[in-house]
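# Notes for the structure review
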Amino acid sequence: MIEPYEGDKLARLEADAAAITARYPDPRSGLLPLLHLVQSEDGYVTGEGIAFCARTLGLSTAEVSGVATFYTQYKRHPCGTYNVGVCTNTLCAIMGGDAIFDELSEHLGIGHDETTDDGAITLERIECNAACDYAPVMMVNWEFFDHQTPQSAAEIVDTLRAGDQVVPTRGADSVASFTEMSRVLAGFPDGRGGEGIGAGEPTLVGLRLAKDKGWEAPELPVAEPPPTRAQEEPVEPVPGGEQSSVDTPAAPPEGGTADTETGREPSEEA
Amino acid sequence: MATTLTPVLSARWGVEESWSLRAYTDNGGYTALRTALATDPADLISAIKDSGLRGRGGAGFPAGMKWGFLPPSDGGPRYLVVNADESEPGTCKDTPLMMADPHLLVEGTIITAFAIGCHQAFIYVRGEILHVYRRVLEAVAQAREAGYLGTDILGSGFDLEIVVHAGAGAYICGEETALLDSLEGRRGQPRLKPPFPAVAGLYARPTVINNVETIASVPSIVARGADWFRSMGTDKSTGFGLFSLSGHVTRPGQYEAPLGITLRELLDMAGGVREGHHLKFWTPGGSSTPLLTDAHLDVPLDYEAVAEAGSMLGTRALQIFDETTCVVRAISRWTDFYAHESCGKCTPCREGTYWMKQILARIEHGQGTMEDLDTLLDVCDNILGRAFCALGDGATSTVTSGIALFRDEFAAHITGAGCPFDPVASALFDYTPRARREGRELSGMPAGTGGA
């Protein structure tokens, strides 16, 4: 049986854990933040960390391990100060993400989920990180580095390995270490939300075009509906009534499939 | 041009320190909250129903109806959970919204909580967008400081706390019942429905779960009315939404427009497909929506018309691919994603995506057979409608549509012993592929190594 920490470290973590579990009606909801917390302490989810979470929540270590291994952000072995993730999901891969990953892999001499000997960089292939309009995208400790090329990505990792700082395209003014980042994800703010920009160019492109063209959402009251397709024959809303083809079974994940013919009996969605 | 852009959600994104409370209140923020707190909650729900607002997370279920499914109060707690776990490949709207204007989400959350009689709300933010998490966390703290959260909000007698919760990397947690399990500190696996979350959701209590963009649309409807909202969009797909253009397009980015705008109109605004190239295929709403082609440029991007065209509006994640793109490579990579992200709960998705990934990899790298195409379709047939949740269904969308639209291209990979496309041509920069430098001439990754 692994002991869950000791001494000052234990006292400090117990205080943090109490703050986490106090946020939720049921303390077990604190498990994901607790795992981020132990990762912020140890650099990865250690056996001690698992034992600490289990003891805090009155769970078995097996139950905690079962949760920790489900989520990709929890690392089960030591990793670098900087987690460098190259998006190789379809869109970024095709726009150049595959080439960026290959370049970094060759340049650093490591593959997916491996760490450089100096402990600076862990390289990962990552899935779509919700920045497709900035493709190809790379994340360093989950801060955005947009519009990358093999050269720019190699420069970033070289700078980090030299012990110098790099500036995210959209994020804080510098990249927090893996452990500092994990503490934020545990729900302890680092006061850096005010750093950086609000929006990059692709985020603003539609807004700027609208301003140039003088396009706005209609004023109130609406004198004349805009000439979109269905406005030609306005139809009264039927609150609570049949609205569309969405009366299909489960709500899908983001971007899901409610309109798909699933062969299931339609049921009432909630 | 028939349709023009209608910035509402994105209206404040360009102002200085747009994420700050000051910028938000200087630009009209938190006035809808005052209106809402002076309104009967039942009237707020009616207004959202009348607006026709449909869930912006992909499913398109009417938001007001979802709220209306909550049973009458039994005196116990009920919860609001905001799904900010944006992870569908191609989808990139909630992340910039929360980064630029987190208070809009906070205000929408407070109004919605008031409308449904909830005193504890959660915003479940994807853990892989650190700076967005910081911004939402700080926005909630600022709102609390300013008296928009806590007890007796603005003297109304209404109490509310919001917890901003970070996920830890799992696509499945965007599925609402999986999100609830995750929020309860478990592996994020979907639940059987019924019972629906409205009846037994978080901690088995009545719960409303809505997407970020849905909740962010609420303040403007409260401020300007259901009729105003309905004056945009189509009759069954009302209002505005963020259309996210990405890929081989001259000016990718966020275009906020009425539902029913077409890709042709959006591409005109975005400067067209990248210079010297033309559209080959696109997704209307992320990688879980069947592929469309240049034959669908004039399909109105609303729920009904896109469904009629054989796909789904989804999250309006318009990923644009030009003729340099290998469709087999694209679909193979999406399938790697589903295999990686399958939660493992149900056999059709867990096993089906596992085998599809391998079959597609061997086809892409010239080791497939024509029989593999039939096998793929057969596997899809065994997933679609048989998977436990819609994630499994979504894994089949691009495979079945891709084979239907581009069977010749699949065949060319099989009979021509490899991918006929040059990956350099589709990239946004020039480079020499590692495989080429090392004398191996295969595109992309070695077979079977995809997925993070």
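Residues numbered from 1 in each chain as written. Chains lettered and ligands numbered in written order. Predicted model: local features only at pLDDT ≥ 70, side-chain atom pairs only at ≥ 80, totals over all residues.

## Observations regarding the overall build of chain B
What counts is decided by this rule: Per the convention used, a helix needs a DSSP run of H or I reaching at least four residues, while a strand needs a run of E reaching at least two, with both numbered from the N terminus. Our radius of gyration is a C-alpha quantity, and the globule rule it is checked against amounts to 2.2 Å times the number of residues to the power 0.38. Counting other C-beta atoms within 10 Å of a residue's own tells you its class, since 20 or more makes it buried, 12 or fewer makes it exposed, and anything in between is partly exposed; those C-beta atoms are placed from the backbone. In this description, any two residues whose backbone-derived C-beta atoms lie within 7 Å of each other are considered to be in contact.
Looking only at helices and strands, chain B features 18 helices and eight strands. At 23 Å, chain B has a C-alpha radius of gyration in line with the 22 Å of a compact globule built from 452 residues. Residues counted as buried form 67% of the 452 residues belonging to chain B. The long-range share in chain B, meaning contacts at least 24 apart out of those at least 6 apart in sequence, stands at 71%.

## With respect to the sheet that holds strand β2 (residues 114–115) of chain A
All names here are of chain A. As a reminder, the rule being used: Whether two strands pair comes down to DSSP finding at least two bridges between them.
Strand order across the open sheet formed by five strands is β2-β3-β1-β4-β5, with mixed pairing between neighbours. A strand with exactly one partner marks an edge of an open sheet, and here the two such strands are β2 and β5 (143–145). As paired elements, strand β1 (residues 82–87) and strand β4 (residues 138–140) share three bridges and run antiparallel to each other. In the sheet register, Val-86 faces β4, and the bridge partner there is Met-138.

## Focus: the interface of chain B and chain A
Stated formally: Lys, Arg, Asp and Glu make up the charged group, whereas Ala, Val, Leu, Ile, Met, Phe, Trp, Tyr, Cys and Pro make up the nonpolar group; the residues left over, Gly among them, are polar.
Of the residues lining the interface, 140 residues belong to chain B; the matching set on chain A comes to 107 residues. Of all the elements, helix α7 (residues 130–145) of chain B adds the most residues to the side of chain B that touches chain A, at seven residues. The residue makeup of the side of chain B that touches chain A, split by class, is 62 nonpolar, 51 polar and 27 charged.

## Description of helix α16 (residues 390–415) of chain B
What counts here: The bend reported for a residue corresponds to the angle between axes fitted to the seven residues ending at that residue and the seven starting there.
Along α16 of chain B, the largest kink reaches about 90 degrees and is centred on Phe-406 of chain B. Just downstream of α16 of chain B, Ala-417 of chain B is the residue with a positive phi angle, here 55 degrees.

## Focus: the nonpolar core
Stated formally: The term nonpolar core means buried Ala, Val, Leu, Ile, Met, Phe, Trp, Tyr and Cys residues held together as one set by C-beta atoms within 7 Å.
Formed by 219 residues in total, the largest nonpolar core has its most connected members in Val-81, Val-82 and Val-136 of chain B. With 10 residues, the top contributor of residues to this core is helix α5 (residues 90–108) of chain A. Ignoring anything within four residues of it in the chain, the contact list for Val-82 of chain B reads Leu-105, Thr-109, Ala-121, Phe-122, Ile-123, Tyr-124, Asn-210, Val-212 and Ile-215 of chain B.

## Brief notes about the domain arrangement of chain B
Residues and elements named next belong to chain B. Note the cut-off: Segment limits for the domains were obtained from an automatic or database-derived domain assignment.
The domains assigned to chain B are domain 1 (21–230), domain 2 (246–322) and domain 3 (327–437). Computed from C-alpha coordinates alone, the two centres of domain 1 and domain 3 are separated by 36 Å. Taken together, the contact pairs eight residues of domain 1 with nine residues of domain 3. Here the side of domain 1 that touches domain 3 is built from residues that sort into five nonpolar, two polar and one charged.

## Describing helix α8 (residues 176–183) of chain B
Residue and element names in this part refer to chain B. With respect to burial, α8 is a largely interior element, eight of its eight residues being buried. Three or more residues of α8 are buried, namely Glu-176, Thr-177, Ala-178, Leu-179, Leu-180, Asp-181, Ser-182 and Leu-183. One or two steps after α8, the chain reaches Gly-185, where phi turns positive at roughly 85 degrees.

## Brief notes about unusual backbone geometry
Across the junction of Ala-135 of chain A and Pro-136 of chain A, the peptide omega takes the value -5 degrees, indicating a cis bond. One can find Pro-136 of chain A in the loop between β3 (121–126) and β4. The linkage connecting Pro-194 of chain B with the following residue, Pro-195 of chain B, adopts the cis geometry, with an omega of 5 degrees. Here Pro-195 of chain B shows up in the loop between α8 and β4 (207–211). Of note in the backbone geometry, Tyr-30 of chain B takes a positive phi value of approximately 70 degrees without being a glycine. By the element assignment, Tyr-30 of chain B lies in the loop between α1 (21–26) and α2 (31–37).

## Description of the confidence of the model for chain B
Residue and element names in this part refer to chain B. What counts, and what does not: Here pLDDT means the predictor's own confidence in every residue, given as a number from 0 to 100.
Of all residues in chain B, 97% have pLDDT values of 70 or greater, and the mean over the chain is 96. Contacts from residues 443–452, a stretch scored under 50 in pLDDT, to residues over four places away or in other chains number 30 contacts. Here the predicted complex carries an ipTM of 0.95, next to a pTM of 0.92.

## What to know about the pairing of strand β1 (residues 79–84) of chain B
Residues and elements named next belong to chain B. Extensive coverage of β1 is indicated by the burial of six of its six residues. Here β1 shows no split at all, with Tyr-79, Val-81 and Asn-83 on one side and Leu-80, Val-82 and Ala-84 on the other all buried. Examined bridge by bridge, β1 and strand β2 (residues 120–125) share six bridges and lie parallel to one another. Directly across from Tyr-79, in β2, lies its bridge partner Gln-120.

## Some remarks on the packing of helix α2 (residues 31–42) of chain A against helix α3 (residues 47–57) of chain A
All names here are of chain A. Stated precisely, the cut-off is as follows: With axes taken as lines fitted to C-alpha atoms, and helix axes fitted only over the stretch in contact, angles between N-to-C directions fall between 0 and 180 degrees. Helix crossings get a hand from a simple test, with the near helix turned counterclockwise from the far one by less than a right angle marking a left-handed crossing and a clockwise turn marking a right-handed one.
Running from N to C, α2 and α3 cross one another at 145 degrees; their axes reach a closest spacing of 9 Å. Crossing of α2 against α3: the hand is right-handed. For the pair α2 and α3, the contacting residues are Leu-31, Leu-34, Leu-35, Val-38 and Asp-42 in the first and Gly-49, Phe-52, Cys-53, Thr-56 and Leu-57 in the second. Across the contact of α2 with α3, the residue classes tally to seven nonpolar, two polar and one charged.

## What to know about the environment of Gln-319 of chain B
Examined against the element boundaries, Gln-319 of chain B turns out to sit in strand β8 (residues 317–322). Taking the C-alpha atoms as reference points, Gln-319 of chain B and Ile-215 of chain B, 104 residues apart in sequence, are found 24 Å from one another.

## Digging into the confidence of the model for chain A
When the pLDDT values of chain A are averaged, the result is 87; 81% of them are 70 or greater. Residue range residues 222–270 of chain A is modelled with pLDDT below 50. Its contacts to residues more than four positions away, or to other chains, number 136 contacts.

## Looking at the pairing of β3 of chain A
Residues and elements named next belong to chain A. Most of β3 is tucked away, with six of its six residues classed as buried. Sheet topology note: the β1/β3 ladder contains six bridges and is parallel. In the sheet register, Tyr-82 faces β3, and the bridge partner there is Ile-121. Judged from the two bridges that link them, β2 and β3 form a sheet pairing that is antiparallel. Paired with Thr-115 across the two strands is Thr-122, which belongs to β3. With antiparallel pairing between neighbouring strands as the criterion, β2 and β3 make up a hairpin whose turn holds five residues, including Gly-119 at a positive phi of roughly 75 degrees.

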